[in-house]
Amino acid sequence: MSRRDPVTKRPPRSENSLGILFGIAAYGLWGLLPLYFLILLPATPLEIVANRVLWSLVFCALLLTVMRSWRTVHAAVVNPRVLGTLTLAAMLIAVNWFVYTYGVTSGQAVEASLGYFINPIVSVLLGVFILRERLRPLQWTAIGIGFVAVIVLALGYGKVPWIALTLAFSFGFYGFVKKRVGPSVDAVSSLSIETAVLTPIAAGVMIWLSVTGAATVLSEGSGHFWIMAASGVITAIPLIFFGAAARRLPLTSIGMLQYLAPVLQFILAVAVLREEMPPERWVGFGLVWVGLALLTVDMIRTVRKNARPRVKTRAKKSALVG
């Protein structure tokens with residue numbers, strides 16, 4: 001049997017298609033997250049996030065047991081650098097979760113979606129100031145358009161869109177911090193450690209809410225309890241899907257798919273939740289979308305440019321072998 005026999009190895013096109021399906025599932029679930037938070041009302045954002053931390057830890061512990069991945073977690077925990085990095089990541093994602101939940105449950109889902117639209121622009125900006133990266137012309141243009149968009153939206157809202165900016169910068173720094181860990185910790189192990197770090201705080205919050213009579217997890221019926229408990233699954237499953245997609249897809253495909261989540265969030269906010277979109281907000285969002293289009297074009301061009309030398313090198317090696 002030939003080594004190229006399709007029976008022994010899945011064709012690349014099939015792997016790519018499977019990766020796209022995993023990516024759509026991951027970003028699609030993240031995009032529908034506002035509906036889940038609204039179902040949890042009258043729980044406050046603080047209670048929702050605290051339960052999300054606690055139940056995520058429970059679900060991750062079950063996953064680690066089934067996958068027999070506790071050694072990975074142990075190796076990360078005993079490494080001071082990795083543990084310190086993941087502790088910082090935990091604090092950043094806690095801020096991100098709380099602000100996002102607050103935005104959705106307080107009728108500001110449109111602004112929350114804006115945060116994830118401008119996140120790629122913020123990530124490029126972090127590369128300039130922290131990593132001292134040199135930007136290409138299209139990237140500079142996208143950043144300039146992003147600044148103008150924030151000014152237009154600030155005038156439209158009558159205030160600085162702090163929810164969007166907090167979400168964009170907290171998630172941007174979160175991604176930057178997680179990259180410092182590298183491939184040494186997988187998604188489930190990383191989430192397990194991050195939620196374990198936050199668990200004492202989350203437990204303290206739940207005790208305080210229970211003492212003051214503000215907790216709803218046990219007072220709104222069994223249905224409310226189990227929906228709240230499902231937050232562990234709802235948090236972990238998209239991460240697992242994302243990991244499966246990232247292993248099968250090139251960076252450009254992941255970059256394109258990431259816009260699916262804020263698009264769905266925006267559509268839900270406008271079409272389902274009936275949030276207002278006056279003309280100045282449309283102008284601001286339009287500028288953001290133009291900036292994202294420029295970043296996408298720049299990313300695709302850069303990947304193609306970098307791929308050409310590799311293709312030429314492979315062709316030369318093939319010619320030499322032949």
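Up top you'll find the structure we're talking about.
Please read all numbers here as calculations on a predicted model, not as lab measurements.

**Some thoughts on the pattern of salt bridges**
- In total, this model carries three salt bridges according to the counting rule given.
- Its salt-bridge partner being K159, residue E111 comes within 3.6 Å of it at the nearest N-O pair. Placement of the pair is E111 in helix 6 (residues 109-117) and K159 in the loop between helix 8 (137-157) and helix 9 (162-181), with a sequence separation of 48 residues.
- Its relative accessible area of 1% is what places E111 among the buried residues.
- Exposure remark for K159: the relative accessible area of 34% places this residue in the partly exposed category.
- A salt bridge links D298 to R136; the shortest N-O distance between them is 2.8 Å. Here D298 is found in helix 15 (residues 279-321), whereas its partner R136 is found in the loop between helix 7 (119-129) and helix 8, with 162 residues between them in sequence.
- Judged by its relative accessible area of 34%, R136 is partly exposed.

**Considering helix 9**
- Here helix 9 contains 20 residues, and its C-alpha end-to-end distance of 29 Å stays within 8% of the 28 Å for a straight helix at 1.5 Å per residue.
- Looking at the packing, one finds that the buried side of helix 9 touches helix 5 (80-105), helix 6, helix 7 and helix 10 (187-211).

**A look at the packing of helix 10 against helix 12 (residues 231-248)**
- Two elements in contact, helix 10 and helix 12, have axes whose closest approach is 9 Å; the angle formed by their N-to-C orientations is 150 degrees. Compared by their axis directions, helix 10 and helix 12 come out roughly antiparallel. The handedness of the crossing between helix 10 and helix 12 comes out as right-handed. From helix 10, A187, V188 and L191 reach across to helix 12, where they touch T235, A236, L239 and I240.
- Partitioned by chemical class, the residues of the contact of helix 10 with helix 12 number six nonpolar, one polar and no charged.

**Here's the deal with helix 12**
- When the terminal C-alpha atoms of helix 12 are compared, their 27 Å separation across 18 residues agrees well with the 26 Å that a helix rising 1.5 Å per residue should span.
- Turning to helix 12, its buried residues number three or more, namely S231, G232, T235, A236, P238, G243, A244 and A245.

What counts and how
- Residues numbered from 1 in each chain as written.
- Predicted model: local features only at pLDDT ≥ 70, side-chain atom pairs only at ≥ 80, totals over all residues.
- Heavy atoms only, no water.
- Salt bridge = Lys/Arg side-chain N within 4 Å of Asp/Glu carboxyl O.
- Helix = DSSP H or I, 4+ residues; strand = E, 2+ residues; numbered from the N terminus.
- Buried < 20%, exposed > 50% of the residue type's maximum accessible area, 1.4 Å probe, protein only.
- Expected span 1.5 Å × (residues − 1).
- Contact = heavy atoms within 4.5 Å.
- Axes fitted to C-alpha atoms, helices over the stretch in contact; angles between N-to-C directions.
- Parallel < 35°, antiparallel > 145°, perpendicular 65-115°, else oblique.
- Left-handed = near helix turned anticlockwise from the far one by under 90°.
- Nonpolar A, V, L, I, M, F, W, Y, C, P; charged D, E, K, R; others polar.

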